[in-house]
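Results of the structural survey
One-letter residues, chain by chain:
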Amino acid sequence: MTVSGVSMETARLRPHHLLCERFLKLDFAERGVEFRNVDQKIRNLVRPDDPTVIEVAEGVDDLCRVCPHRRADRCEHPRGGEEAVRKWDGKILRGLGIAYGEARTSGQWHMLIKDKLPLDFCLARCPGKSNCRVIEASGDT
């Protein structure tokens, strides 16, 4: 992708990876080195001045592709498979007011997320809220 004559890398992230990954207090060591490397890149991606383009992915994304819980382009995590993840992603889409396929720079995502956090879904029903720095900071743990 080229923006203003500059070649840009495009990342594809599910809504919950776009929103949540950088706020989680987990290191996912059990998922292996490749997963942790991609996870770390995602955690460092959504920054105010980063020009990287991020597209909201429906289904398997850049992090899912290296996850040991992925089976045939589906999440098969024991605590919530593809159907549960799609429900979470839908709630995050609605909370952020975005749609699948939407693409923005990392800096633009940073500002949107900063303006919207914490989402009502995060406060009320997020399955990862006990490991989330945003929830911890809001005092709703």
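Residues numbered from 1 in each chain as written. Predicted model: local features only at pLDDT ≥ 70, side-chain atom pairs only at ≥ 80, totals over all residues. Heavy atoms only, no water.

For the protein chain, the count of helices and strands is six helices and seven strands. Traced from its N-terminal end to its C-terminal end, the protein chain shows the element sequence β-β-β-α-α-β-β-β-α-β-α-α-α. In terms of overall dimensions, the protein chain is globule-like: its C-alpha atoms have a radius of gyration of 15 Å, near the 14 Å expected for 141 residues. If you line up the protein chain on its principal axes, its C-alpha atoms span 45 × 35 × 25 Å. Contacts in the protein chain between residues far apart in sequence, at least 24 positions, make up 68% of those at least 6 positions apart. In the structure as shown, the protein chain presents an accessible area of about 7800 Å², 49% of it carried by carbon and sulfur atoms. (Helix = DSSP H or I, 4+ residues; strand = E, 2+ residues; numbered from the N terminus. Rg over C-alpha atoms; globule rule 2.2 N^0.38 Å. Contact = heavy atoms within 4.5 Å. Areas by Shrake-Rupley, 256 points an atom, 1.4 Å probe, with all protein chains shown as cover.)

Estimated volume of the largest pocket: approximately 790 Å³. Along the wall of the largest pocket there are 39 residues; nearest its centre are His16, Leu24, Phe28, Arg31 and Trp88. Breaking the lining of the largest pocket down by element, the ones donating at least two residues are α1 (15-20), α3 (82-96), α5 (120-125) and α6 (133-138). Considering each element in turn, the lining of the largest pocket owes the most residues, four residues, to α1. Of the residues assigned to the lining of the largest pocket, the class counts are 23 nonpolar, eight polar and eight charged. As for the second largest pocket, its lining consists of Glu9, Ala11, Leu13, Val38, Lys41, Ile42, Leu45, Thr52 and Asp62. (1 Å grid on protein atoms, 1.4 Å probe; cavity = no way out; pocket = protein on both sides within 12 Å on 5 of 7 lines; lining within 4 Å. Points joined across faces, edges and corners; volume = space filled by probe spheres on them. Nonpolar A, V, L, I, M, F, W, Y, C, P; charged D, E, K, R; others polar.)

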